[in-house]
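# Inside the fold
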4 protein chains.
Amino acid sequence: MASTNHPIRVAILGASGYTGAELVRLLTRHAGASIVALTADRKAGQSLGAVFPHLAAVVDDRALPPLTAADEVDWDGVDVAFFGLPHGTTHAVAAQAPERVKLIDLSPDFRFTDPETYSLWYGIPHGAPALQREAVYGLTELARAEIVGARLVACPGCYPTASLLPLVPLAEAGLIAIDEIIIDAKSGVSGAGRGLKEASLYAEVAEGVHAYGVAAHRHAPEIEQAISRAGGRPVTVNFTPHLMPINRGILASIYVRLNDGVEVEDLRARLASVYADEPFVRVLGEGQVPATRHVRGSNHALIGVFKDRLPRRAILMSVIDNLVKGASGQAVQNMNLMCGLEETVGLGQQPLFP
Amino acid sequence: MASTNHPIRVAILGASGYTGAELVRLLTRHAGASIVALTADRKAGQSLGAVFPHLAAVVDDRALPPLTAADEVDWDGVDVAFFGLPHGTTHAVAAQAPERVKLIDLSPDFRFTDPETYSLWYGIPHGAPALQREAVYGLTELARAEIVGARLVACPGCYPTASLLPLVPLAEAGLIAIDEIIIDAKSGVSGAGRGLKEASLYAEVAEGVHAYGVAAHRHAPEIEQAISRAGGRPVTVNFTPHLMPINRGILASIYVRLNDGVEVEDLRARLASVYADEPFVRVLGEGQVPATRHVRGSNHALIGVFKDRLPRRAILMSVIDNLVKGASGQAVQNMNLMCGLEETVGLGQQPLFP
Amino acid sequence: MASTNHPIRVAILGASGYTGAELVRLLTRHAGASIVALTADRKAGQSLGAVFPHLAAVVDDRALPPLTAADEVDWDGVDVAFFGLPHGTTHAVAAQAPERVKLIDLSPDFRFTDPETYSLWYGIPHGAPALQREAVYGLTELARAEIVGARLVACPGCYPTASLLPLVPLAEAGLIAIDEIIIDAKSGVSGAGRGLKEASLYAEVAEGVHAYGVAAHRHAPEIEQAISRAGGRPVTVNFTPHLMPINRGILASIYVRLNDGVEVEDLRARLASVYADEPFVRVLGEGQVPATRHVRGSNHALIGVFKDRLPRRAILMSVIDNLVKGASGQAVQNMNLMCGLEETVGLGQQPLFP
Amino acid sequence: MASTNHPIRVAILGASGYTGAELVRLLTRHAGASIVALTADRKAGQSLGAVFPHLAAVVDDRALPPLTAADEVDWDGVDVAFFGLPHGTTHAVAAQAPERVKLIDLSPDFRFTDPETYSLWYGIPHGAPALQREAVYGLTELARAEIVGARLVACPGCYPTASLLPLVPLAEAGLIAIDEIIIDAKSGVSGAGRGLKEASLYAEVAEGVHAYGVAAHRHAPEIEQAISRAGGRPVTVNFTPHLMPINRGILASIYVRLNDGVEVEDLRARLASVYADEPFVRVLGEGQVPATRHVRGSNHALIGVFKDRLPRRAILMSVIDNLVKGASGQAVQNMNLMCGLEETVGLGQQPLFP
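Residues numbered from 1 in each chain as written. Chains lettered and ligands numbered in written order. Predicted model: local features only at pLDDT ≥ 70, side-chain atom pairs only at ≥ 80, totals over all residues.

## A word on the overall build of chain A
Helix and strand counts for chain A come out as 12 helices and 14 strands. The C-alpha atoms of chain A give 20 Å as radius of gyration, which agrees with the globular expectation for 354 residues (20 Å, within 12%). Taking the principal axes of the C-alpha coordinates as reference, chain A spans close to 60 × 45 × 40 Å. Evaluated residue by residue, chain A yields a buried proportion of 63% over its 354 residues. For chain A, the proportion of contacts with a sequence separation of at least 24, taken over those separated by at least 6, is 70%. (Helix = DSSP H or I, 4+ residues; strand = E, 2+ residues; numbered from the N terminus. Rg over C-alpha atoms; globule rule 2.2 N^0.38 Å. Buried ≥ 20, exposed ≤ 12 C-beta atoms within 10 Å, placed from the backbone. Contact = placed C-beta atoms within 7 Å.)

Right, dumping it as structure tokens:
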């Protein structure tokens, strides 16, 4: 597709959520892509600027298509489709897309190799097991080769992205005890989406913090699948998410035990080596502490490595913007790879601070 | 003192910080106490209402004394002195107080049984080792008997209060592996005080989260001292504090390994039993998640107990308001005990939500 | 009623909203009242602690009644009923209460002397015009005599409370041009209630400000009714509310033209005189700027008076906590008056800062 | 300069403040500019990434120069200098720059045509009255022709930018009464800079709002200068700024009286006409309310026009990001004009929401 001379024609299904709006933000400034379809079943007929006034300038500039129902998409004019639909609804829609259309899913519907695991955690049968077999789990830096040739990429969840970037290389190299991993994660509210829930109201979130989904969050099996694969044996992990009164950002504070003969500096060296040439992942120097505000609005991930006071243990700190590297940015990064473009195109946004 | 018929005459040394203001908030509505002296060296001569306009109504109502320098306190008219001074400065001032004055310190200056530990972590020699020997570590619920008869009570730090309320009873009972405790703590900004630091500016804190003092925070040895004493042998702990964009509140998410033969419900049962009759500590039922906003402005602590996905492990969640139970509220609670008053006097404030 | 020796038996209808929770917060510590009924139609059967976990400690302490449907209230055991129901629903319920029960309404249903005005702005007919005739508009400091003998008090809206406290005494005294009043008001989010609205989501509110209801907010006619009455002729006002990313607090910045011969200091003098002995209203000295955080959680109002750069004009600044003086606190203040209690009982909460 | 084939060589003097960081954010992605010098006297010797970790990725990518003292700048290699220095310090430094270097000042030092006005409001004599005479007040959309040929541009303050964009065209057209303008402005905290002030601490700002500088803010005379010029006679204005608990954003709510024969729609039509082809200023349709979050991180301004309830009056609402259109973005926009580049280069950042 890189050899064609038209821009990539992009459809965004589920454009009325925060990840949809973020895709529009990124793709309207993308040198090699053009948005040709936007869907939002309940807001069909409206302009995107009506749903997201902050994008109104964009609508004018670029004449974005109006929102339509998902089944009104004219697939003939689409090269790549992003799916930002609620879980359980992507299977059917994705199965309808012509074979030549590349599919990039931001929902959990294609993240699990084993449809049974999906079914167990999401409470519904997997609706497209055949498609599942060709799906690639798209944590870009760790699956680049598979993503390049893929037709269907399942983008990781925001928490798994933040957690796996530091953990997978360490698990693969056998540096840490993979059956004792404790992930204390903190997320901004946009991760819960734009749906109406009492727990997402300003007055319920501001000026307070709390855990949720303790020992029962659906990102736990997703993390476990990847760690198990990296470590070569099935494991469970502690994954404990907390809600923060911020819009964007995930911080994963990860507590690990070192394997015999391994020192903390070996962890940092391994990660520094793996990510040495990565444009979006930085391993910080000794003593540097990553903060979510250092990556707000950008596709970067920052990773810190610390010695624990407890002997033979280390602490990993990983931060991303949940809507960018944790969702829409990584999705665009994957599109670039799938379509033969430079991986960084359209992702040059720098962090916005303060 | 309870038998006298005058209210307890209270001096607050270091009244221009947030803990000082919080002491005033609590003590001006305290039925058995009267504030007779307020000090703030750099603001001497000002009214407290000028320094804290939210207390201006109180100043009018109760005719609070003006701020003076610490060395202007007329000790003859003082029964109890609260010290909210910077660490390293309390030793000298406390040593000057007459023997009959009860001393309640909110700084770390008297928290360590071993002056060497204090000196090691705070970088200065202990200035009053003799006084140290009579100091009681005032985590009220766990040291009530000692507090009643004490002349000098060192109030615990905010993080230690949140961490030790769930941990000490479990360590004492031998239910958890005390040398593997991981405390991922989240705190509001008021814990850093009213001093001018770039890291405390609104624009540096809002819309972001980050860890700080990783493996090096001064509350770690304080927690270790108490766990070591409870468990009968010296241990270190993982204590990892994080700064949250909230004014008030601490959440300690604590990851523990169960000792052999112990189940998660044994932990809950032990804590429920220990705190059954406590007015300020509540152990939540299964599945209930404590949130800092549930205790904002009140002297309560809430504790949740959860099964981990990792086998043989549990998660403890503990929340307090760092300025109340984590500082000034606990200090007043201790004053009540030391002076023979009902322990709850002046601490009836309910949480303010939203 | 003050002469009886039982506490006032209180019913709270509509206890699952923020104003309901705030009534519970205040009344559980009220020395002369006891909550005997709590209603919330959609949450009937639940405990209040399940709906508002921050009140759980209270539930235990005081054995609050469970939530019931509004029509399950046993009126025989009720002396005073607070109505925190959605507008349009209070008329019918209030009409069912026995004559001997005192009624305190926090909704707009009884705020308008003229049922037509109500009908015009709320889009429904007034359902209890007979009751309306005995309703007193309960801005406590300015209607104390009428409130004392009233059976039905309609508590003012939050914005009107903040606006009218400074404006009415000036309009009555003929000091300002009442047909040119501009009220730029800023409110926290709790004023919008706990209902599920996209506009109340954390991510839609945090890190931004905007106006709403420009020239069309329902508190405008309420303010106009009071100013017109005070000034002796019908007027309209500019009332422009803005949503702030805070939980609690209203700041009304009011721009007024001085009448001939009047100076700014005359305004301050008038207000200082009117409110000289008021426990909850303070007129600040020259140059002192009121802030919402100075009254957070308390029943206080602070008023500042400033000279404008524009000749012959002044600026009034007024702050309250919208849930306390702007709703539940003023309701309790009115209850105290109606029942012959000291007006300040149960309202001693000091501001919570930070 | 546009005809040369090297990128514009830019020096940023005062790079350790928020406007300096924002200049770096914008200029590192600017296709026609290259940063060759960064100064920060008190942080000389540090890397910018050490001072602003969120820019650390940029430092690596582009090899930014280290921070130096202002007097170490090698002017031979500089084409354009941005001054983000404290007021009162720019005069001397700017006077040292060679004649061929274009100067863009973000401080107030060159904003006043009359050095006496500067001196009166800033309390110090004007240090470079000769330079002042060639300074252009750089509100880009309203002074484009002058900016193109200017050597020295004084960028407007953030509040004046938000206020003057709607007001100047209306004053010029004689549509509004210019001696009765009331500007109630709301700003985020970043406008106060990164300096250490108690009033900028998180705990002093969060969860509250208040006015400041009432009738005495230094942006008042700046606004008055522009309105007076546009209206052809000297006027004063009401300008009342308020501090909001947000990082970025200004909302100016402006209350104006219509001149005889003018209707509200005439105001909207005038503004729509003036800004019809502007890339960064949008006049919203009837009923659309601008919000600061719609422009966060972008160089856009949004303007709404509303009918007042008061007869013959209108309300203007204007929003910008104070650090972009209100400071660094407008500065870059001016640089583009001064250097013959397309005005929008480097300013394509879209708003970041949520």
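From this point on, the discussion continues.
## Focus on the interface of chain B and chain A
At the interface, 42 residues of chain B touch 42 residues of chain A. Listing elements by their share of the side of chain B that touches chain A, those giving two or more residues are β8 (182-187), α9 (202-205), β9 (210-211), β10 (238-243), β11 (250-257), β13 (301-307) and β14 (313-320) of chain B. Classifying every residue of the side of chain B that touches chain A gives 22 nonpolar, nine polar and 11 charged. (Nonpolar A, V, L, I, M, F, W, Y, C, P; charged D, E, K, R; others polar.)

## Quick look at the packing of helix α8 (residues 158-172) of chain C against helix α11 (residues 264-274) of chain C
All names here are of chain C. Between α8 and α11, the shortest axis-to-axis distance is 10 Å and the interhelical angle comes to 110°. With respect to their mutual orientation, α8 and α11 come out roughly perpendicular. The residues of α11 that touch α8, namely those facing Pro-166, Pro-169 and Leu-170, are Leu-267, Arg-270, Leu-271 and Val-274. Along the lines of polarity and charge, the residues of the contact of α8 with α11 split into six nonpolar, no polar and one charged. (Axes fitted to C-alpha atoms, helices over the stretch in contact; angles between N-to-C directions. Parallel < 35°, antiparallel > 145°, perpendicular 65-115°, else oblique.)

## Some points on the relation of the copies chain C and chain B
Taken as rigid bodies, chain C and chain B are interconverted by a rotation of 180° and an axial shift of 0.0 Å, the fit giving an RMSD of 0.0 Å. Expressed as a symmetry operation, the mapping of one chain copy onto the other fits a two-fold axis. When the interface residues of chain C are mapped onto chain B, 100% of them again fall at the interface, so both copies present the same face. (Least-squares fit on C-alpha atoms with pLDDT ≥ 70 in both.)

## Quick look at the interface of chain C and chain B
With 22 residues of chain C at the interface, the matching set in chain B holds 23 residues. Tallied by class, the residues present in the side of chain C that touches chain B amount to eight nonpolar, eight polar and six charged.

## Digging into the environment of Phe280(C)
Residues and elements named next belong to chain C. Mapped onto the elements of the fold, Phe-280 is located in the loop between α11 and β12 (281-283). Once the C-alpha coordinates of Phe-280 and Gln-330 are considered, the two residues, 50 residues apart in sequence, prove to be 9.9 Å apart. Residues contacting Phe-280, with those up to four places away along its chain left out, are Asn-299, His-300, Ala-301 and Lys-325.

## Looking at the environment of His87(A)
Residues and elements named next belong to chain A. With respect to the helices and strands, His-87 occurs in the loop between β4 (80-83) and α4 (90-96). Considering only alpha carbons, one finds His-87 and Val-73, 14 residues apart in sequence, at a separation of 20 Å. Leave out the neighbours within four places in its chain, and His-87 touches Ser-107, Pro-108, Asp-109 and Tyr-122.

## Notes on the confidence of the model for chain A
Residue-level pLDDT values for chain A average 95, and 97% of them are 70 or greater. Prediction confidence for the complex, expressed as pTM and ipTM, is 0.97 and 0.97 respectively. (pLDDT = per-residue confidence, 0-100.)

## Brief notes about the sheet that holds strand β7 (residues 152-154) of chain A
Residue and element names in this part refer to chain A. Across the sheet, which stays open at both edges, the seven strands sit in the order β3-β2-β1-β4-β5-β7-β6 with parallel pairing between neighbours. Because the sheet does not close on itself, it has two edges, and the strands there are β3 (67-68) and β6 (135-137). Sheet analysis places strand β1 (residues 8-13) next to β4, joined by four bridges and oriented parallel. Bridging from a neighbouring strand, Ile-12 pairs with Phe-82 of β4. The strands touched by helix α1 (residues 18-27) within the sheet are β1, β2 (33-39) and β4, with β1 carrying the most contacts at an inclination of about 160°. Sitting on the sheet, helix α12 (residues 324-338) is in contact with β4, β5 (102-105) and β7, with an inclination near 160° to β5. (Pairing = 2+ DSSP bridges.)

## Concerning the pairing of strand β14 (residues 313-320) of chain D
Residues and elements named next belong to chain D. Here β14 lies mainly inside the structure; eight of its eight residues are buried. Residues Arg-313, Ile-315, Met-317 and Val-319 of β14 are buried on one face, and the alternating residues Ala-314, Leu-316, Ser-318 and Ile-320, pointing to the opposite face, are buried as well. In terms of strand pairing, strand β11 (residues 250-257) meets β14 through eight bridges, oriented antiparallel. When the sheet's bridge partners are listed, Tyr-255 is paired in β14 with Ile-315. Taking the residues that link successive antiparallel strands as the turn, the strand β13 (residues 301-307)-β14 hairpin has five residues, and the phi of Arg-312 there is positive, at about 65°.

## So, the pairing of β1(A)
Residue and element names in this part refer to chain A. Most of β1 sits out of view: five of its six residues are buried. In this sheet, β2 lies alongside β1 in parallel orientation, the contact comprising six bridges. By the bridge assignment, Val-10 is partnered in β2 with Ile-35. With respect to chirality, the unit in which β1 leads through α1 into the neighbouring parallel β2 is right-handed. (Right-handed = clockwise from strand over helix to strand, strands pointing away.)

## Looking at the domain arrangement of chain A
Residue and element names in this part refer to chain A. Parsing chain A into structural domains produces domain 1 (8-156 + 325-338) and domain 2 (159-322). Each of domain 1 and domain 2 has a C-alpha centre, and the two are 25 Å apart. In this assembly, 19 residues from domain 1 lie in contact with 24 residues from domain 2. The set of elements that each furnish at least two residues to the side of domain 1 that touches domain 2 consists of α5 (115-122) and α12. If you tally residues by element for the side of domain 1 that touches domain 2, the top one is α12, at six residues. Its residues placed into classes, the side of domain 1 that touches domain 2 shows nine nonpolar, seven polar and three charged. (Domains from an automatic or database assignment.)

## Some details on helix α10 (residues 219-231) of chain A
For the α-helix, the turn length of 3.6 residues means that residues three or four positions removed from each other point alike. All names here are of chain A. Compared with an ideal rise of 1.5 Å per residue, which puts 13 residues at 18 Å, α10 spans 18 Å between its outermost C-alpha atoms and is within 8% of the ideal. Within α10, 10 of the 13 residues are buried, which leaves it mostly tucked inside the rest of the structure. Along α10, the residues classified as buried are His-219, Ala-220, Pro-221, Glu-222, Ile-223, Glu-224, Gln-225, Ala-226, Ile-227 and Gly-231. Tucked into the core, α10 has its buried residues touching α5, α8 (158-172) and β10 (238-243). (Expected span 1.5 Å × (residues − 1).)

## Concerning the sheet that holds β13(D)
Residues and elements named next belong to chain D. Reading across from one edge, β9-β10-β8-β11-β14-β13-β12 is the order of the seven strands in this open sheet, with mixed pairing throughout. A strand with exactly one partner marks an edge of an open sheet, and here the two such strands are β9 (210-211) and β12 (281-283). Sheet contacts for helix α11 (residues 264-274): β12, β13 and β14; angle to β13, the most-contacted strand, approximately 165°.

## Quick notes on helix α11 (residues 264-274) of chain B
Listed in full, the buried residues belonging to α11(B) are Leu267(B), Arg268(B), Arg270(B), Leu271(B) and Val274(B). Looking down the long axis of α11(B), one finds its buried residues gathered within 160° of arc, a one-sided arrangement. (Arc of directions from axis to C-beta.)

## Here we look at the relation of the copies chain B and chain A
Each copy of the sequence occupies a distinct position, and chain B is placed on chain A by a rotation of 180° and an axial shift of 0.0 Å, giving an RMSD of 0.0 Å. In this assembly the copies share their binding face: 100% of the residues contributing to the interface of chain B also contribute to that of chain A.

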